[in-house]
Amino acid sequence: MAEVTLTAYNVKTKEKGVPIQEAVITKTARGAYMAQGHDGKGNKLTTLLGEEKALAAIKAGIAKQGW
């Protein structure tokens, strides 16, 4: 993975592939990884991630670790 980007579906505006800003990656109770942030316009975004992509985003510095 050369370039890691975190994107999500914006429920409010019904847009796909919206980049997440100020992302924080957390673990769910079942062990899945979840990225939470905003789109820069005040809308909250949340998406589920695989372990590889979540850890790569933390390592690249585009997301903070929340656990």
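Refer to the structure above for everything that follows.
Predicted, not measured: the structure shown is a model, and the values here were computed from it. (Residues numbered from 1 in each chain as written. Predicted model: local features only at pLDDT ≥ 70, side-chain atom pairs only at ≥ 80, totals over all residues. Heavy atoms only, no water.)

Undergrad: Please provide a residue-by-residue account of the packing of aromatic side chains, values included.
TA: Each aromatic ring pair is summarised here by two numbers: the centre-to-centre distance and the angle between the ring planes. The tally for this structure, following the rule as stated, stands at one aromatic pair. A ring pair is formed by Y33 and W67, whose centres lie 5.6 Å apart and whose planes are at 65°; its orientation type is edge-to-face. Pair noted here: Y33 is in strand β4 (residues 33–38) and W67 is in the segment after β6 (63–65), with a separation of 34 residues, a long-range link. (Phe/Tyr/Trp six-rings, centres within 6.5 Å; stacked < 30°, edge-to-face > 60°. Helix = DSSP H or I, 4+ residues; strand = E, 2+ residues; numbered from the N terminus.)

Undergrad: Residues and numbers for the side chain of N43, please.
TA: Topologically, N43 is positioned in the loop between β4 and β5 (44–49). For N43, a relative accessible area of 10% translates into the label buried. In terms of polar contacts, N43 uses its side chain to reach the side chain of D39, at 3.1 Å. With residues up to four places along the chain from it excluded, the contact list for N43 reads N10, K12, T13, G37 and H38. (Buried < 20%, exposed > 50% of the residue type's maximum accessible area, 1.4 Å probe, protein only. Polar contact = N/O pair within 3.5 Å; in protein donor to acceptor, adjacent residues only side chain to side chain. Contact = heavy atoms within 4.5 Å.)

Undergrad: If you had to explain the environment of K44 to someone new, which residues and values would you point to?
TA: For K44, the location among the structural elements is in strand β5. For K44 and K12, which are 32 residues apart along the polypeptide, the C-alpha to C-alpha distance reads 9.1 Å.

Undergrad: I'd love a proper account of the sheet that holds strand β3 (residues 21–27), names of residues and values included.
TA: Judged by pairing direction, the sheet is mixed, and its four strands sit side by side in the order β5-β4-β3-β6 without closing on themselves. Edge positions in the sheet fall to β5 and β6, since each has one partner strand and no second. Averaged over neighbouring strand pairs, the angle between their axes works out to 25° when direction is ignored. (Pairing = 2+ DSSP bridges. Axes fitted to C-alpha atoms, helices over the stretch in contact; angles between N-to-C directions.)

Undergrad: Before we move on, can you summarise unusual backbone geometry with the specific residues and values?
TA: Here the phi dihedral of K14 falls at roughly 60°; this positive angle occurs in a residue that is not glycine. Turning to its location among the elements, K14 is positioned in the loop between β1 (7–10) and β2 (15–19). Residue K14 is classed as exposed on the basis of its relative accessible area of 62%. In the Ramachandran plot, E22 falls in the positive-phi region, its phi being about 50° despite a non-glycine side chain.

Undergrad: Which residues make up the nonpolar core, and what values do they have?
TA: Judged by nonpolar contacts, the single largest core of 14 residues is most densely connected at L6, I20, I25, A35, L49, A57 and A63. Going through the elements one at a time, β3, β4, β5 and α1 (51–60) are the ones with two or more residues in this core. Not counting chain neighbours up to four residues away, the residues in contact with L6 comprise V18, P19, I20, A23, I25, A35, L49, K53, A57, I62 and A63. (Core = buried A, V, L, I, M, F, W, Y, C linked by side-chain atoms within 4.5 Å.)

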